[in-house]
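The primary structure of each chain is shown beneath.
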Amino acid sequence: MKRLVVLISGSGSNLQAILDYLAQGTCPAQVTAVISNKSDAYGLERARNAGIPTFSLSHKDFSSREAFDAELMTLIDSQHPDLVILAGFMRILTPEFTRHYSGRLFNIHPSLLPKYKGLNTHQRAIEAGDKLHGATVHFVTEELDGGPLIVQGQLDINPEDNPDSLAQRVHILEHQIYPMAIDWYCCDRLTLSPDGTVLLDNASLPSTGHIHRSS
Ligand SMILES: Nc1nc2c(c(=O)[nH]1)N[C@@H](CN(C=O)c1ccc(C(=O)N[C@@H](CCC(=O)O)C(=O)O)cc1)CN2
Ligand SMILES: NCC(=O)N[C@@H]1O[C@H](COP(=O)([O-])[O-])[C@@H](O)[C@H]1O
């Protein structure tokens, strides 16, 4: 049974999708802790409702990003995780942190990386006049949103879309692809090779990762 630790900062709908997926009992994994840098994150309520231990660690209580990350690593390592999952965790992590969890640290990003790294992705895609948008699950490295891609969910941007409507449709995709990527990892089908190649069932994935098209 793989041990998962999930880091959040907000609503936790991706956390909920992961919990709902694991509740089906087909994936050999359990979430052993949920950690938030925001004590009022609704995702903490979702975790409590599921009977999962929760912790909040405010970055405002630390003198530096390094000090915060060091305490966060101590807390995470006390859980002995096989995989650390960023699910709307809104802090840039230090190189020490990303090196320590290299190959076992996932993030979900609301764009088709490498397009639109950083924040405000939906607005930027609409303003650019893009026809295609979506979300990406990737391994986390020191480079912000630059880690090797695992899976992308794609959808069409509609003419009537605004950032909020697009975010809602991207969320649906996220709730499909995050459990997919976690399942692959927990079933020992997904690995990150030393040269940064992502392997699924020992076959190299394309640079975009696996493509999942919204039905
Ligand atoms: N070293 C890395 N850290 C993080 C990565 C990564 O790939 N490498 N992914 C991000 C997740 N993320 C987008 O997917 C992201 C999160 C936060 C920010 C950001 O600018 N954060 C600010 C604070 C913003 C806020 O509090 O609202 C900051 O940390 O100063 C950009 C992208 C997680 N970390
Ligand atoms: N750059 C990181 C980022 O923007 N992540 C995004 O935050 C949202 C969290 O939603 P949730 O709290 O409902 O899972 C998700 O849409 C995720 O892609």
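Structure first, text after, so check above.
Residues numbered from 1 in each chain as written. Chains lettered and ligands numbered in written order. Predicted model: local features only at pLDDT ≥ 70, side-chain atom pairs only at ≥ 80, totals over all residues. Heavy atoms only, no water.

Colleague: So what exactly am I meant to see when it comes to the environment of Ile150 here?
Modeller: Mapped onto the secondary structure, Ile150 falls in strand 7 (residues 149-156). With relative accessibility at 0%, the residue Ile150 sits in the buried group. Here the alpha-carbon distance between Ile150 and Thr191, two residues 41 residues apart in the chain, equals 9.6 Å. Ignoring sequence-local partners within four residues, the contact set of Ile150 consists of Phe106, Val137, His138, Phe139, Ala181, Trp184, Leu190, Val198, Leu205, Gly209 and His210. (Helix = DSSP H or I, 4+ residues; strand = E, 2+ residues; numbered from the N terminus. Buried < 20%, exposed > 50% of the residue type's maximum accessible area, 1.4 Å probe, protein only. Contact = heavy atoms within 4.5 Å.)

Colleague: Before we go on, may I ask you to explain the site of ligand 1 in this structure?
Modeller: The local shell around ligand 1 holds 19 residues, among which Arg91, Ile92, His109, Thr141 and Asp145 are the closest. Within the backbone of Leu93, one N or O atom sits 3.0 Å away from a nitrogen atom of ligand 1. Here a nitrogen atom of ligand 1 sits 3.2 Å away from a polar atom, N or O, in the main chain of Glu142. In the complex, the protein chains occlude 83% of the 710 Å² of accessible area that ligand 1 would expose alone. Ranked by residues supplied to the shell around ligand 1, first place goes to strand 5 (residues 105-109) with three residues. (Near = heavy atom within 4 Å. Polar contact = N/O pair within 3.5 Å; in protein donor to acceptor, adjacent residues only side chain to side chain. Areas by Shrake-Rupley, 256 points an atom, 1.4 Å probe, with all protein chains shown as cover.)

Colleague: Any chance you could explain the sheet that holds strand 1 (residues 2-8) here in plain terms?
Modeller: Adjacent strands of a sheet pair through backbone hydrogen bonds, lying either parallel or antiparallel. Reading across from one edge, 3-2-1-4-5-6-7-11 is the order of the eight strands in this open sheet, with mixed pairing throughout. Of all strands in the sheet, those bounded by a partner on one side alone are strand 3 (54-56) and strand 11 (210-213). Adjacent strand axes in the sheet meet at a mean angle of 20°, parallel and antiparallel pairs treated alike. Across seven bridges, strand 6 (residues 132-139) lies against strand 7 in antiparallel orientation. Bridge assignment links Val137 to a residue of strand 7, and that residue is Val151. Where helix 2 (residues 42-49) meets the sheet, it contacts strand 1, strand 2 (29-36) and strand 3, and its direction lies at approximately 160° from that of strand 3. (Pairing = 2+ DSSP bridges. Axes fitted to C-alpha atoms, helices over the stretch in contact; angles between N-to-C directions.)

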